[in-house]
Amino acid sequence: MDQTTRRLSLPESPREFGFWLDGSYRGGRALFERASPGHGVPVTLIPKCTPEDVNAAVAAARRAFEDRSWAGLSGSDRAGVLQRTADLLRQRAGELAYWETLENGKPIAQARGEINHAISCFEVGAGAARLLHGDSFNSLGDGLFGMVLREPVGVVGLITPWNFPFLILCERVPFILASGCTVVVKPSEMTSATTLILGEILAEAGLPKGIYNVVTGSGRTVGQAMTEHPDIDMLSFTGSTAVGRACVHASADSNLKKLGLELGGKNPIVVFADADLDDAADATAFGISFNTGQCCVSSSRLIVERGIADRFEEMVAEKMKKIRVGDPLDETTQVGAITTDAQNETILGYLEKGTAEGAKVLTGGTALDMGGGSYIAPTLFTGVTPDMSIAREEIFGPVLSSFRFDTVDEAVKLANDTAYGLAGSVWSRNIDTALTVARRVRAGRLWVNCMLAGGPEMPLGGFKQSGWGREAGTYGVEEYTQVKSVHVAFGKRNHWVE
Ligand code: NAP
């Protein structure tokens, strides 16, 4: 592949992977052929692991946890491995971005940006490994001293989705490893390549064997076996709210494993008349079109002040029309292909439903013919009412629904009129207005006069049915620990039995 050309080439034949167990690739399983969603050409062959492979991976992770080859290291030694991983990721960024684009359909330039973000995750994770600490209580009287220790939870199962395969993986793995836990990962069957390549990179960086394992295959076999596994101490699941709910049931019915859940969203972007409307229109078009709207934090509900609504909707539509949708391997592409056939059908179904329920298409509303692969035009629906399915349900595509408000209270009420609470954005030049909305919207991440900004220092996660727990930063490391209270007595005991 020649990265100096404007368009990378497709591989001549699909690349075959093994699954990653106890520090090396393993083969011998039936293979799943993944085709590039942007071109319809086979690009990878991925093992279909079995529940027995899950058992083997969990056993490896358990052995590696119990032998303390990782948990027993100092934070500084763990940080060294994470920092070396960041350095190696930098060296292999082009290769990782290439396989991410081939399997996912996202633009290559965006994929490179995501690998850079992943590098930051490992750097922040390295710092967090050194800074992780507990607490002490010197307030229990002269006879008693209290220590609060943070200990790794143990073996973590990690199930990730296909929309940001490497980015979501790396918003979790460095923090899981920083805590001293070991991990078994199951990526989406659609997008396993970069999760497997990370195994090679971690090994080269000096991670002892058995700490990071990857089992590939479908959610219904491999994923479900993990949710039900009695020897996984904690499961971090990122994906749909429906499967998240199944994880809760499986935990209850097995070993009550601790759960971290990052689920769906139907995120508001609230635009006031006093905002910089040019910037807000650009952010609105970006927020719903980035990653073809297959983004849990995409701003899929525009809530705009009535006095400027007609003009603002036109401004957003003009921006959307100019977005360069096309071949993910082309350097100039801004929006690539829809990642799976099922997701393509789902989005097209919502385009039909929106019109049938009485909303008006201001721009987009159709599939785009690129001579292969699945593409959908960024779409703006106006005249949307809160009862419509395009108003309530997560579409997970480049489809924006617009609503209008008159007062701050009404804007907040509309923003909170959802079962989800993942993210939100507010646009106003008035700090009182902006911060009032930021404080009152019930969501885990808020952007004021910006969109999808930030880094892995800041925690991420959802309110309401968007999930439980937080990932990234020091909050993310703490999520993979449990606290233990140690009581230390001083002096002679006051006897209970005289
Ligand atoms: P999904 O169907 O829930 O799949 C997510 C992961 O779970 C995949 O690895 C999938 O494997 C696996 N899986 C499927 N069925 C399973 C089962 N019964 N038991 C255990 N694992 C199972 O969701 P998706 O369609 O991939 O992703 C879209 C959803 O994810 C959206 O709702 C989106 O909002 C959410 N999401 C949330 C965040 C966040 O941070 N909050 C980030 C990204 C996506 P296979 O794909 O191999 O079947």
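No experiment lies behind these values; they were computed from the predicted model shown.

A word on the overall build of the protein chain
Argument step 1. Counting secondary structure elements, the protein chain contains 16 helices and 23 strands.
Argument step 2. Whereas a compact globule of 498 residues would reach a radius of gyration of roughly 23 Å, the protein chain reaches 24 Å, a difference of no more than 12%.
Argument step 3. The dimensions of the protein chain, computed from C-alpha atoms along their principal axes, are 80 × 60 × 40 Å.
Argument step 4. With 498 residues in all, the protein chain has 55% of them scored as buried.
Argument step 5. Sequence separation of 24 or more characterises 75% of the internal contacts of the protein chain that already satisfy a separation of 6 or more.
Argument step 6. For the protein chain, the exposed surface amounts to about 20200 Å²; the carbon and sulfur share of it is 51%.
Argument step 7. Taking the average location of the 48 positive side-chain charges in the protein chain and that of its 59 negative ones, the two points are 3 Å from each other.

Digging into the sheet that holds strand β6 (residues 135-137)
Argument step 1. The strand order β6-β7-β23 describes an open sheet built from three strands, whose pairing is antiparallel. Either end of the sheet is taken by a strand with one partner, and the two such strands are β6 and β23 (481-489). Within this sheet the neighbouring strands show an average axis-to-axis angle of 20°, counted without direction.
Argument step 2. By the bridge criterion, nine bridges tie strand β7 (residues 144-152) to β23 in an arrangement that is antiparallel. By the bridge assignment for β23, arginine 150 is matched with valine 483.

Some remarks on the environment of arginine 130
Argument step 1. As for its placement among the helices and strands, arginine 130 is situated in helix α4 (residues 108-131).
Argument step 2. Taking the C-alpha atoms as reference points, arginine 130 and alanine 178, separated by 48 residues in sequence, lie 8.1 Å from one another.
Argument step 3. Look past the residues within four positions of arginine 130 in its chain and what remains in contact with it is Gly75, Ser76 and Ala79.

Describing the nonpolar core
Where a protein is soluble and globular, its nonpolar side chains tend to be buried together.
Argument step 1. Formed by 61 residues in total, the largest nonpolar core has its most connected members in Phe122, Phe166, Leu177, Leu198 and Tyr212.
Argument step 2. Per element, the largest residue contribution to this core is eleven residues, and it comes from α4.
Argument step 3. Those residues within four positions of leucine 177 in sequence are excluded, and the remaining contacts are Trp70, Arg78, Leu82, Val183, Leu202, Leu207 and Ile211.

Some words on the UniProt feature "active site" (unreviewed entry) in the protein chain
Argument step 1. UniProt's feature table lists "active site" (unreviewed entry) at Glu262, given in the numbering used throughout.
Argument step 2. Assignment of secondary structure puts glutamate 262 in strand β12 (residues 258-262).
Argument step 3. Note on glutamate 262: relative accessible area 7%, which makes it buried.
Argument step 4. In contact with glutamate 262, other than residues within four places in its own chain, are Arg172, Phe237, Thr238, Gly239, Leu422, Leu460, Gly461, Ser466, Gly469 and Glu471.

Overview of the site of the ligand
Argument step 1. Within the structure, the ligand sits among 29 residues, and Thr160, Glu189, Ser240, Leu263 and Glu394 are positioned closest to it.
Argument step 2. Between the ligand and threonine 160 there is a distance of 2.7 Å, counted from an oxygen atom to a backbone nitrogen or oxygen.
Argument step 3. Leucine 263 is positioned such that a nitrogen or oxygen atom in its backbone is 2.7 Å from a nitrogen atom of the ligand.
Argument step 4. Of all elements in the fold, only α8 (219-227) and β11 (234-238) reach the threshold of two or more residues within the shell around the ligand.
Argument step 5. For the shell around the ligand, the element with the highest residue contribution is α8, accounting for four residues.

Some points on unusual backbone geometry
Argument step 1. Phi at arginine 68 is positive, roughly 60°, even though this residue is not glycine.
Argument step 2. Topologically, arginine 68 is positioned in the loop between α1 (51-66) and α2 (75-91).
Argument step 3. Look at alanine 472: it is not a glycine, yet its phi comes out positive at around 75°.
Argument step 4. Mapped onto the secondary structure, alanine 472 falls in the loop between β22 (467-468) and α16 (473-479).

Side note on the side chain of aspartate 22
Argument step 1. Inspection of the secondary structure assignment puts aspartate 22 in the loop between β2 (19-21) and β3 (24-26).
Argument step 2. Given the relative accessible area of 17%, aspartate 22 is considered buried.
Argument step 3. Within polar-contact distance, the side chain of aspartate 22 engages the backbone nitrogen of glycine 210 at 3.3 Å.
Argument step 4. If sequence neighbours within four positions are ignored, aspartate 22 has contacts with Ala60, Arg63, Lys209, Gly210 and Asn213.

Some remarks on the packing of aromatic side chains
Argument step 1. For the structure on display, the rule yields seven aromatic pairs.
Argument step 2. On the basis of an interplanar angle of 50° and a centroid distance of 5.3 Å, the ring pair of phenylalanine 286 and phenylalanine 290 is categorised as tilted.
Argument step 3. On the accessibility criterion, phenylalanine 286 (35% relative accessible area) is partly exposed.
Argument step 4. What makes phenylalanine 290 partly exposed here is its relative accessible area of 21%.
Argument step 5. Through a chain of ring-to-ring contacts, three or more aromatic side chains come together here, namely Phe17, Tyr98 and Trp99.
Argument step 6. Positioned above the aromatic ring of tyrosine 350 is the side chain of lysine 353, whose terminal nitrogen or guanidinium carbon lies 4.4 Å from the ring centre.

Overview of the environment of lysine 257
Argument step 1. Along the chain, the position of lysine 257 falls in the loop between α9 (241-253) and β12.
Argument step 2. Contact partners of lysine 257, with chain neighbours within four places excluded, come to Met226, Thr227, Glu228, His229, Ile232, Asp233, Met234, Leu235 and Ser251.
Argument step 3. Looking at lysine 257, its side chain comes within polar contact range of the side chain of serine 254, at 3.0 Å.
Argument step 4. Among the polar contacts made by the side chain of lysine 257, one reaches the side chain of asparagine 255 at a distance of 3.0 Å.

A short note on the sheet that holds strand β21 (residues 445-448)
Argument step 1. Spatially, β15-β18-β19-β14-β13-β20-β21 is the arrangement adopted by the seven strands of the open sheet, whose pairing is mixed. The sheet is open, and its two edges are formed by β15 (360-363) and β21, each paired on a single side. Sheet twist, expressed as the mean angle between neighbouring strand axes with direction ignored, is 25°.
Argument step 2. One ladder, built from three bridges, connects strand β13 (residues 267-271) with strand β20 (residues 423-427); its direction is parallel. The residue bridging isoleucine 269 from the neighbouring strand is serine 425, located in β20.
Argument step 3. Packed on one face of the sheet, helix α10 (residues 277-289) meets β13, β14 (299-305), β19 (399-405) and β20 and runs near 155° to β14.

Each value, and the rule that gives it
As a convention, each chain's residues are numbered from 1 in the sequence order in which they are written. Selection of residues for local features in this predicted model requires a pLDDT of at least 70, selection of side-chain atom pairs for listing and counting requires 80 or more, and totals for whole chains, interfaces and linings are taken over all residues. Remark: hydrogens and water are excluded; side-chain values derive from all non-hydrogen atoms of the structure. Only runs of H or I of at least four residues qualify as helices and only runs of E of at least two qualify as strands under DSSP, and these elements are numbered from the N terminus. Radius of gyration: over C-alpha atoms. The globule rule applied is 2.2 Å multiplied by the number of residues raised to the 0.38 power. Note on classification: 1.4 Å probe, protein chains only; a residue is buried when its accessible area is under 20% of the maximum for its type, exposed when over 50%, partly exposed between these limits. The contact criterion used throughout is that any non-hydrogen atoms of two residues lie within 4.5 Å. Accessible surface area values rest on a Shrake-Rupley calculation with a 1.4 Å probe, where residue burial reflects the displayed protein chains alone. Charged residues are defined narrowly, with Lys and Arg counted positive, Asp and Glu counted negative, and His plus the chain ends left uncounted. A charge is said to be at NZ when it belongs to Lys, at CZ for Arg, at CG for Asp and at CD for Glu. Here the rule is simple: two strands pair whenever DSSP picks up at least two bridges between them. Each axis is a line fitted through C-alpha atoms, and for a helix only the stretch in contact is used; angles between axes span 0 to 180 degrees, taken between their N-to-C directions. By nonpolar core we mean a set of buried residues, namely Ala, Val, Leu, Ile, Met, Phe, Trp, Tyr and Cys, connected to one another through side-chain atoms within 4.5 Å. UniProt positions are given in the numbering used here, feature names are shortened, and annotations may be inferred rather than shown by experiment. Here a residue is near a molecule or strand as soon as one of its heavy atoms is found within 4 Å of it. Contacts described as polar in this section are N or O atom pairs within 3.5 Å, which, within protein, must combine one atom able to donate a hydrogen with one able to accept it, while residues neighboring in sequence count only if both atoms come from side chains. Working definition: a ring pair exists when centres of Phe, Tyr or Trp rings (six-membered ring for Trp) sit within 6.5 Å. Plane angles under 30 degrees give stacked, over 60 give edge-to-face, the rest tilted. Geometrically, a charge over a ring is one whose NZ (Lys) or CZ (Arg) sits within 6 Å of the ring centre while staying within 35 degrees of the ring normal.

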